[in-house]
Amino acid sequence: MTLPPSPSDGDFSTLFNFLPIGAYRSSPDGMMLRANQALVRLNGYEDEAQLLLGVKDIATEWYVQPGRRAEFVALLMRDGFVKGFVSEIWRHKTQDRVWISENAHVVRNGSGEVVFYEGTVEDITERMRVLEALRQSQAQLERITDQMPGMVFSLYQPREGPRRYHFVSSGVRDIYEFEPADLLRDPMLITRYRHPDHAHELELEVDAVMQAPVSLSSEFRVVMPDGRIKWVYKRSSAVEFDSEGTRRVGVLLDITDRKEAEAALHASETLWKLALESAGDGVWDWNIRTGEEFFSTSIKAMFGYADDDIANLSAELDERTHPDDVAQMRLDRQAHFDGLVPVYRNEHRIRCKDGRWKWVLSRGVVIARDDNGQPLRMVGTHTDITELKEAEAQQHALEVQLRESQKMEAIGTLAGGVAHDFNNLLAAILGNLVLAREDVGEHHPAQESLAEISRAAIRARQLVQQILTFSRRQTQEMQRQPLKPLVEEALGLMRSLLPAGLKLVTRLPSSSLQVLADATQMQQVLMNLCTNAWQSMEGGSGEITVALREVRLDASQALQFGGLSSGAYACLSVADNGPGIDVETQRRIFEPFFTTKAPGAGTGLGLAVVHGIVKAHRGVIDLHSQPGEGTRFDVYLPLAAAADAGDVVEVTVAAAPATLRPGKHVVYIDDYEALVFLVGRLLRKQGHQATTFESGEAAVAWMRMHPEVSVDLVVSDQNMPGLSGVETAIELHRLRPGLKIAIISGHVNERLLIEASAAGVSEVMGKQDSMDALGEAIRGLLDSAA
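Residues numbered from 1 in each chain as written. Predicted model: local features only at pLDDT ≥ 70, side-chain atom pairs only at ≥ 80, totals over all residues. Heavy atoms only, no water.

K.L.:
Before we go on, may I ask you to explain the overall build of the protein in this structure?
P.N.:
Scanning the protein from N- to C-terminus turns up 26 helices and 28 strands. Counting only residues that meet the buried cut, the protein has 44% of its 786 residues in that class. In the protein, the share of contacts with a sequence separation of at least 24, taken over all contacts with a separation of at least 6, comes to 59%. For the protein, the exposed surface amounts to about 40600 Å²; the carbon and sulfur share of it is 53%. (Helix = DSSP H or I, 4+ residues; strand = E, 2+ residues; numbered from the N terminus. Buried < 20%, exposed > 50% of the residue type's maximum accessible area, 1.4 Å probe, protein only. Contact = heavy atoms within 4.5 Å. Areas by Shrake-Rupley, 256 points an atom, 1.4 Å probe, with all protein chains shown as cover.)

Shown next, in the form of C-alpha cells:
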C-alpha cells in the first residue's frame, strides 16, 4: 500500500509512540494507517501490525452506534478539528464495549486535499461509569423526594458571595410555583418571594449558619406574584462546615392550611366551645408547658364530678385514666406532637366519681408551637362512647359465639359421618359374632373369647351412640311432656350415685313446664351435667345445685344466645361450688373427645353429647364459670305451646318375634360389603331366599334381566354412592309397580319421609342396633306384605 505524502514515520513514532493515550492516523475512507501502542492495547492487540491488518473499516468495525463515524467526519470537514468527541466503541479484537473521547484534526497536502486524519483516543469508560452512577443516584433522589411533601434542598453557602443550590426537589412547584431549574439557575429567586416583614429574619439565619453548624427551623410568609400569601415552614441542618462556608440540607413545607386553621380557631374559639358543649361533647384547653388545662363543666359532669371536685390540671384526668390505656394515649399524643398525624385521636377509659369506668373518645389539635416546633397549646373534646363500646363488645361476643357454633356444627357433621361408618362396622362385627356363636355350639372353647369380643363391641356401639347423639343424627322421640317429672326422676337416680361428702340441692318450680322433648335424652343431659359437676370436685366435699325455672327472653337476650327466638323458655341449671373452669378450657369444653381428666378417666364425650341433645331440641346451653368460683351450666328449652300436644316425631317399628317367616324372597341392598354378606347369611339361615347387591344400579339391572323371578320384599340402605335408596325405589317401581320396598337410614328426618312416601316406599326405618333387631324389622315387613 502506497501512502500519500506525509511527515516522516520517524517523526510520528517519536512524537506519539509513548503517549499514555491512544494516537492514530486514518484515511478519509475509514482505513487505519497508523496507531501507537496505547491505541493497540486499547483494541486488544499486541502490536501495530495486527491492528492495521485487523481493522478494515473504522465506521462499521469500531463504533457501536451506527452513523457515529459519519458524524465525526462531518464535524472534521466543517471545522477542521474535533475536540472531546465521546463515543462507545468495540475493542476490535475482544469486542468489549468501552467509552472513549477523541480529539482529531484534518491533514491536507499542499493542494488543500485531505490526506488523512490524525487524532488521539482516551479511554473514559470508568469516568462514564461514575457519571452513570451519579445520574442514577440523582434520578433515585428525585424519585424519592417527589414522594415527599414540600421542597427538599441541598445548598452551599460560602462566606463570600451568594449561595448555590446543588439540588432542589419538584416540591418547589407546589410552594413557589416555579421549576427546580429556575432556582438552580437563580439562587436568590426564593428570597425575593419572602414577605417584607420576615426579611430581617433571613439575615439573622444567614449570620447564624456562618457562625456554627446549627440546625434551624422557622415559619415565614411568602408573597406570590398574584398577591396571594402563603405560610412556609423551613427546617435545615449543616452537613459540612469549614472556614470557606457551609453545606446544608433541609425542607420547606407549605403550612398555609394549618396557619389559616389556627387563625380561624382563634377567631371563633368561644363559638366552637359553645357549639361543642351544646352537642354534648366536653371541651378541654391544655397549656402543655404549664400543665394547666381548662375542663368545661360538661366534661366534669360526664364523670360525675362537680366543678370544684377537679382542679384545672391535665394530671387530674390522666391520673383517673385506666392503667391499661395510658401507654397508648401517650403514644397517640406524641404522634400528633411530632407531626405524624394531623389530629390527636384516642379512645380510653376514665374512672368516674362513683368508681365506674366510662369510655371517651378524645380528639384534639395543637394550635401553638414555639420556634423549635415544640407544642405549646392543644385544644380538643371528650365524647362519651360508653354505649358504643358496650355495643361493640356485645357484637364481638356474638361473632365469637357464631364462630363457635359453626365450629361445633362442623365437628358434629364430621363426627356423625365417622360414627355412621363405624356403626356399620360394628353391625357386621356383632352380627357375625351371633352367627359364629351359633356355628361353633354352646360348649365350644371359643365361646369365652367370642363373648369377650361381643362385650367390647357393645361398649364400642354405646360410644358410637354418644357420638351420634352429639352430632344429632340419632333418631329422637320428641313429645310434648312436662319437664319437671323428668328432672325429678333423674335426680332420684342421681342421689344414689353421688359420692359421700357431696350435697345435692334442688330448686324446682310448682309448675311442670311443658316442653317438646325426648324424655330419655333430657334425663341424659341432667345426668351428664351432674356427673361432670361432682367429678370436677375430685372426690372432695361440695354442693351441686339443680334448679328449674321459667324465663322469658327478649329479642336482645335471644340474640346473645345466637339463633334463638324471643319468648318463654324452661331454664334447667346445674351449678357446683368446685374449682371453676379457666377461659381456655371453656372455649373447647363442648368439643368431642376434649377432656381435662387423666388418660383413661373419661371419653371427653359427656358435655359434647349434652351440647348435641340441646341443639337438637332447638335450645341452647350457656356456661358461667371463673377459676375458684365454681361453675354453672344453664340449659334453655323453648316451652311447648298447647298446639304441640301429642306431637311425636319418630319412625318406629313394632316389636315382633325374631324368627323369620320361611320361604320368602328378600332382596337386600347396601354399599357396605360386610353387611351385605351378613344379612344374606342371616336370611338364608332363616330359610329365606336372599339376593344381595352392593349398589342400587346392580339391583335395578338384575330386576330388569329377571322379570320372571318373584320378589316379596326389597330392603335398601338410603345413603349409598350412585343411586340412593329413594332413587332405587323409584327405578324398581317402574319395573314392578306395587313391589314392597323398605329403606333403612341412620338419619331419618321429615324430608326423607316425604321423599320416600312420594317414591312409594312402604316403610322407612332407623338403623337397627343388632341383627336381631333387623330380623324383627324384616319379619314385620314380610308379615304385613302377606
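K.L.:
Where do I start with the packing of aromatic side chains in this structure?
P.N.:
Each aromatic ring pair is specified by the distance between its two centres and by the angle formed by the two planes. Under the counting rule described, the total for this entry stands at eight aromatic pairs. Seen from their ring centres, Trp62 and Tyr63 are 5.6 Å apart, and the 70° between their planes marks the pair as edge-to-face. For Trp62, a relative accessible area of 5% gives the class buried. Aromatic side chains Trp286 and Phe337 sit 6.2 Å apart centroid to centroid with 45° between the ring planes, which places their arrangement in the tilted category. You can see Trp286 sitting in strand β11 (residues 282-287) and its partner Phe337 sitting in helix α14 (residues 323-337), a full 51 residues away along the chain. Trp286 gets classed as buried once you look at its relative accessible area, which sits at 9%. Relative accessible area serves as the criterion here: at 13%, Phe337 is assigned to the buried category. Taken together, Tyr176, Phe178 and Tyr193 form an aromatic cluster joined through their ring pairs. (Phe/Tyr/Trp six-rings, centres within 6.5 Å; stacked < 30°, edge-to-face > 60°.)

K.L.:
Got a minute to help me understand the nonpolar core in this structure?
P.N.:
For soluble globular proteins, the rule of thumb is that nonpolar side chains tend to be buried together. Core analysis: the largest hydrophobic core is formed by 39 residues, its most contacted members being Leu526, Leu529 and Val546. The element contributing the most residues to this core is helix α18 (residues 519-536), with seven residues. Not counting the four nearest positions on each side in its chain, Val546 is found in contact with Val487, Leu491, Leu504, Val505, Thr506, Arg507, Leu526, Cys530, Leu572, Ser573 and Val574. Counting residues in each nonpolar core, the second largest holds 24 residues, with Ile58, Trp62, Tyr63 and Ile89 among its members. (Core = buried A, V, L, I, M, F, W, Y, C linked by side-chain atoms within 4.5 Å.)

K.L.:
What is the right way to look at the sheet that holds strand β22 (residues 631-638) in this model?
P.N.:
Strand-to-strand pairing in sheets goes through backbone hydrogen bonds, with the strands running parallel or antiparallel. Sheet architecture is open: five strands sit in the order β17-β19-β20-β22-β21, paired in mixed fashion. Pairing within the sheet leaves two strands with one partner each, and these edge strands are β17 (502-507) and β21 (620-625). Averaged over all pairs of adjacent strands, the angle between strand axes in this sheet comes to 20°, irrespective of strand direction. Direction of pairing for β21 relative to β22: antiparallel, over a ladder of six bridges. When the sheet's bridge partners are listed, Asp622 is paired in β22 with Asp634. Sitting on the sheet, α18 touches β17, β19 (542-553), β20 (567-576), β21 and β22, and the angle it makes with β20 is about 30°. Along the sheet, helix α21 (residues 606-616) contacts β21 and β22; its crossing angle with β21, the most-contacted strand, is approximately 135°. (Pairing = 2+ DSSP bridges. Axes fitted to C-alpha atoms, helices over the stretch in contact; angles between N-to-C directions.)

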